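Notes for the structure review
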Protein chains: 2
Amino acid sequence: MPATTDMPATSASPERSSTEPGSPEPGSPEPAKLGRKRDHTRDPEILSAAIDVLAEEGYDGMTMEMVAARAKAGKATVYRRWGSKSELVIEAIACMKRGVAPETLPDTGTLRGDLLALIRPHSIDDADKKLKVMAGIVSLIARSPEMSDAVNAAMVEPRAKINRVLFQRAIDRGEISADCDVEALSLISPSMAAYRTLVQRKPVDREFLVSLVDSVILPAVGLRAGAPAS
Amino acid sequence: MPATTDMPATSASPERSSTEPGSPEPGSPEPAKLGRKRDHTRDPEILSAAIDVLAEEGYDGMTMEMVAARAKAGKATVYRRWGSKSELVIEAIACMKRGVAPETLPDTGTLRGDLLALIRPHSIDDADKKLKVMAGIVSLIARSPEMSDAVNAAMVEPRAKINRVLFQRAIDRGEISADCDVEALSLISPSMAAYRTLVQRKPVDREFLVSLVDSVILPAVGLRAGAPAS
DNA sequence: TAGTTCCGAAACTCGCCAGAACCGGATAGA
DNA sequence: TCTATCCGGTTCTGGCGAGTTTCGGAACTA
């Protein structure tokens with residue numbers, strides 16, 4: 001039972017563009033309703049708690065009481081913000097989407113360097129948590145298009161996009177052939193990691209990821225581990 | 001909570017064909033309990049129904065009433081055979097394991113030929129059903145070692161074993177290098193298929209599998225689609 | 001201080017489901 | 001035919017969890 005409440009500590013609340021047409025202007029707090037300025041300040045804690053419980057218990061194992069208790073909030077507070085359990089989960093998943101600035105991506109000059117640069121303890125832990133959450137809701141993906149979309153937007157697409165960029169750069173600089181199947185190659189790492197975590201229950205550590213790059217991905221594009229640039 | 005420690009001593013029929021009213025158990029050393037010869041004849045129907053419901057509803061969505069109703073059996077009949085829902089599910093998963101005779105494997109002389117020969121409508125549908133079942137229980141895999149073992153033994157290992165054999169043959173005949181990462185290569189196809197089905201919700205059809213072989217697996221071992229043997 | 005708005009906690013309703021108990025009927029051996 | 005065992009279906013209980021309501025209190029405002 002790892003608590004590991006690595007709370008963002010009331011960090012900046014994520015983008016609020018989920019489902020509510022509510023306030024078109026995210027920047028303006030809209031002070032119209034005088035009398036109170038505080039508004040939904042507990043949302044980040046509740047969403048974070050929901051993600052934690054989701055990762056540990058799965059969707060069906062998660063109860064609203066667990067979420068409220070972990071967020072030190074009342075169940076009524078949760079229901080004031082979200083009308084149902086599924087709404088809460090969908091928004092919690094949506095706000096797992098870390099903004100990936102394109103300029104933040106590594107650019108070492110070689111495909112291998114770029115791929116290895118992505119393997120950091122932080123990203124490993126981050127991916128591991130996403131996988132645990134995903135494990136808890138895969139059975140819902142088949143039934144709920146909203147869940148499917150939320151998962152794809154928050155977990156699958158960001159990672160795939162990064163890989164696509166790296167492969168495209170390698171093509172542009174002539175390091176690998178232009179007729180590589182970028183789409184399939186971009187999915188090797190995420191899918192193998194997911195399989196290893198969810199099905200095999202083996203750790204996705206740095207060693208595994210490096211060997212994946214060197215013995216599968218690079219050979220598949222005609223490169224070798226020891227020869228970064230041809 | 002799920003005891004699942006000991007079988008009720010009367011239900012020792014782990015493997016069946018599971019789809020149709022079964023044949024009277026070829027290798028049954030059971031003394032058959034004098035007084036009645038009929039014994040547990042409804043097991044295959046119930047197990048098959050359990051698999052169907054599991055694939056459609058997931059573990060938590062599946063109820064014992066659904067299973068009993070689909071098998072046209074009473075709920076009491078189900079509980080006479082299996083002490084709990086988890087026991088039923090574990091045995092149902094276990095009996096999904098199709099016996100894979102090693103001599104049944106294709107042997108076309110080339111790795112590409114062997115891999116493509118495995119892509120048949122029957123195997124595609126079979127794998128699709130296994131994936132649907134797997135989707136329904138992944139969240140349990142993290143919590144129940146028994147589930148994890150059952151899934152691995154019935155769905156993961158058989159497929160991985162086939163691929164390992166094919167790659168090892170290719171190594172033995174000198175078609176591909178001996179220092180290939182057979183373990184990782186054998187998992188590409190299952191993991192990509194699982195990812196595509198469970199997360200992306202795209203069909204795992206023949207076209208996808210062929211392109212996977214030609215643009216990922218074969219390039220990764222230094223072969224080309226058009227040049228089966230170098 | 002009085003008024004307003006939100007909050008946490010807890011009690012409550014309602015429905016679902018696992019599992020057990022029960023019943024009448026069918027079958028087979030004695 | 002009698003009896004034992006299985007079967008199918010039905011019913012009951014107990015617990016659990018989603019969602020609602022209530023209430024006292026905290027925080028801010030005028």
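Use the structure listed above.
Residues numbered from 1 in each chain as written. Chains lettered and ligands numbered in written order. Predicted model: local features only at pLDDT ≥ 70, side-chain atom pairs only at ≥ 80, totals over all residues. Heavy atoms only, no water.

Our next topic: empty space enclosed by the protein. Applying the stated criterion across every chain, the model contains two cavities of 30 Å³ or more. Around the largest cavity, the lining is made up of 14 residues, and of these A194, Y195 and L198 of chain A together with A194 and L198 of chain B lie nearest the centre. Listed by contribution, the elements that provide at least two residues to the lining of the largest cavity are α6 (121-141) and α8 (182-200) of chain A together with α6 (121-141) and α8 (182-200) of chain B. Considered class by class, the residues forming the lining of the largest cavity number 12 nonpolar, two polar and no charged. As for the second largest cavity, its lining consists of 13 residues, and the residues nearest its centre are L115, R159, S189, V213 and I217 of chain B. With four residues, helix α9 (residues 206-220) of chain B is the largest single contributor of residues to the lining of the second largest cavity. Each residue belonging to the lining of the second largest cavity can be placed in one class, and the counts come to nine nonpolar, three polar and one charged. (1 Å grid on protein atoms, 1.4 Å probe; cavity = no way out; pocket = protein on both sides within 12 Å on 5 of 7 lines; lining within 4 Å. Points joined across faces, edges and corners; volume = space filled by probe spheres on them. Helix = DSSP H or I, 4+ residues; strand = E, 2+ residues; numbered from the N terminus. Nonpolar A, V, L, I, M, F, W, Y, C, P; charged D, E, K, R; others polar.)

Not every one of the 19 residues close to DNA strand C is listed here, only the nearest: R42, T77 and R81 of chain A together with K75 and Y79 of chain B. Counted by atom, the contact set of DNA strand C within 4 Å of the protein is 65% sugar and phosphate. Within the backbone of M62 of chain B, an N or O atom sits 3.4 Å from a phosphate oxygen of DNA strand C. A total of four residues in the surface near DNA strand C trace back to one element, the largest contributor, which is helix α3 (residues 75-81) of chain A. Looking at the surface near DNA strand C, its residues break down into six nonpolar, four polar and nine charged. (Near = heavy atom within 4 Å. Polar contact = N/O pair within 3.5 Å; in protein donor to acceptor, adjacent residues only side chain to side chain.)

Quick look at the environment of L131 of chain A now. Residues and elements named next belong to chain A. As for its position among the elements, L131 is in helix α6. Of the residues examined, L131 reaches a relative accessible area of 10% and is grouped as buried. Here the alpha-carbon distance between L131 and A55, two residues 76 residues apart in the chain, equals 8.2 Å. Non-local contacts of L131, meaning those with residues more than four positions away in its chain, are made with A193, A194, T197 and L198. (Buried < 20%, exposed > 50% of the residue type's maximum accessible area, 1.4 Å probe, protein only. Contact = heavy atoms within 4.5 Å.)

Moving on, we come to the relation of the copies chain B and chain A. What connects the two chain copies is a rotation about an axis and a shift along it. When chain B is brought onto chain A, the operation consists of a screw motion whose angular component is 180° and whose axial shift is 0.0 Å, with 0.1 Å RMSD remaining. Here the copies are linked by what is in effect a two-fold axis. Minimal C-alpha distance to the rotation axis in chain B is attained by A220 of chain B, lying at 1.8 Å. (Least-squares fit on C-alpha atoms with pLDDT ≥ 70 in both.)

Moving on, we come to the interface of chain B and chain A. Taken together, the 32 residues of chain B in the interface contact 32 residues of chain A. For the chain B and chain A pair, buried surface summed over both sides reaches about 2,900 Å², with 63% attributable to carbon and sulfur atoms. Applying the counting criterion to the chain B and chain A interface returns zero salt bridges. The interface formed by chain B and chain A includes six residue pairs in polar contact (both at pLDDT 80 or more). The set of elements that each furnish at least two residues to the side of chain B that touches chain A consists of α1 (43-61), α6, α7 (145-172), α8 and α9 of chain B. For the side of chain B that touches chain A, the residue count by class is 18 nonpolar, eight polar and six charged. (Buried area = accessible area lost by both parts, 1.4 Å probe. Salt bridge = Lys/Arg side-chain N within 4 Å of Asp/Glu carboxyl O.)

Helix geometry: helix α7 (residues 145-172) of chain A is bent most strongly at N152 of chain A, by close to 45°. Just downstream of α7 of chain A lies G174 of chain A, where phi reads positive at about 80°. (Bend = angle between axes of the 7 residues up to and from the residue.)

Another aspect to go through is α6 of chain A. Between the first and last C-alpha of α6 of chain A there are 29 Å, a value that for 21 residues agrees with the 30 Å anticipated at 1.5 Å per step. Of all the bends in α6 of chain A, the largest measures some 40° and sits at A135 of chain A. (Expected span 1.5 Å × (residues − 1).)

Moving on, we get to the side chain of N163 of chain B. Residues and elements named next belong to chain B. By secondary structure assignment, the location of N163 is in helix α7. Among the residues examined, N163 registers a relative accessible area of 3% and is labelled buried. At 3.0 Å, the side chain of N163 and the backbone oxygen of S186 are in polar contact. Sequence-distant contacts of N163, defined by excluding residues within four places in its chain, comprise L115, L118, S186, S189 and P190.

Residue and element names in this part refer to chain A. Note on placement: D43 falls in helix α1 (residues 43-61). Given the relative accessible area of 5%, D43 is considered buried. A polar atom in the side chain of D43 sits 3.4 Å from the side chain of R81.

Another aspect to go through is the packing of α1 of chain B against helix α4 (residues 85-94) of chain B. All names here are of chain B. It is at 9 Å that the axes of α1 and α4 come closest, and there the two elements cross at 110°. With respect to each other, α1 and α4 are oriented roughly perpendicular. Here α1 contributes I46, L47, A50, I51, L54, Y59 and D60 to the contact with α4, which in turn contributes K85, S86, L88, V89, E91, A92 and I93. When its residues are assigned to classes, the contact of α1 with α4 shows 10 nonpolar, one polar and three charged. (Axes fitted to C-alpha atoms, helices over the stretch in contact; angles between N-to-C directions. Parallel < 35°, antiparallel > 145°, perpendicular 65-115°, else oblique.)

All told, the structure shown has zero aromatic pairs over all chains when counted by the stated rule. The side chain of K85 of chain B reaches across the aromatic face of Y59 of chain B, ending 4.6 Å from its centre. (Phe/Tyr/Trp six-rings, centres within 6.5 Å; stacked < 30°, edge-to-face > 60°. Lys NZ or Arg CZ within 6 Å of the ring centre and 35° of its normal.)

Glancing now at the nonpolar core. For soluble globular proteins, the rule of thumb is that nonpolar side chains tend to be buried together. Ranked by internal contacts, the top residues of the largest apolar core, which has 152 residues, are L88, I93 and L111 of chain A together with L88, I93 and L111 of chain B. Residues in contact with L88 of chain B, not counting those within four places in the same chain, are I46, L47, A50, M62, M64, V67, V78 and W82 of chain B. (Core = buried A, V, L, I, M, F, W, Y, C linked by side-chain atoms within 4.5 Å.)

With the rule as written, the count across this model stands at 22 salt bridges over all chains. Here D128 of chain B and K132 of chain B are joined by a salt bridge, their closest N and O atoms 2.6 Å apart. Within this pair, D128 of chain B and its partner K132 of chain B are both found in helix α6, separated by four residues, close to a single helical turn. On the basis of relative accessibility, which here comes to 38%, the residue K132 of chain B falls in the partly exposed class. Members of the salt-bridge network, linked through shared partners, are D114, R173 and E175 of chain A.

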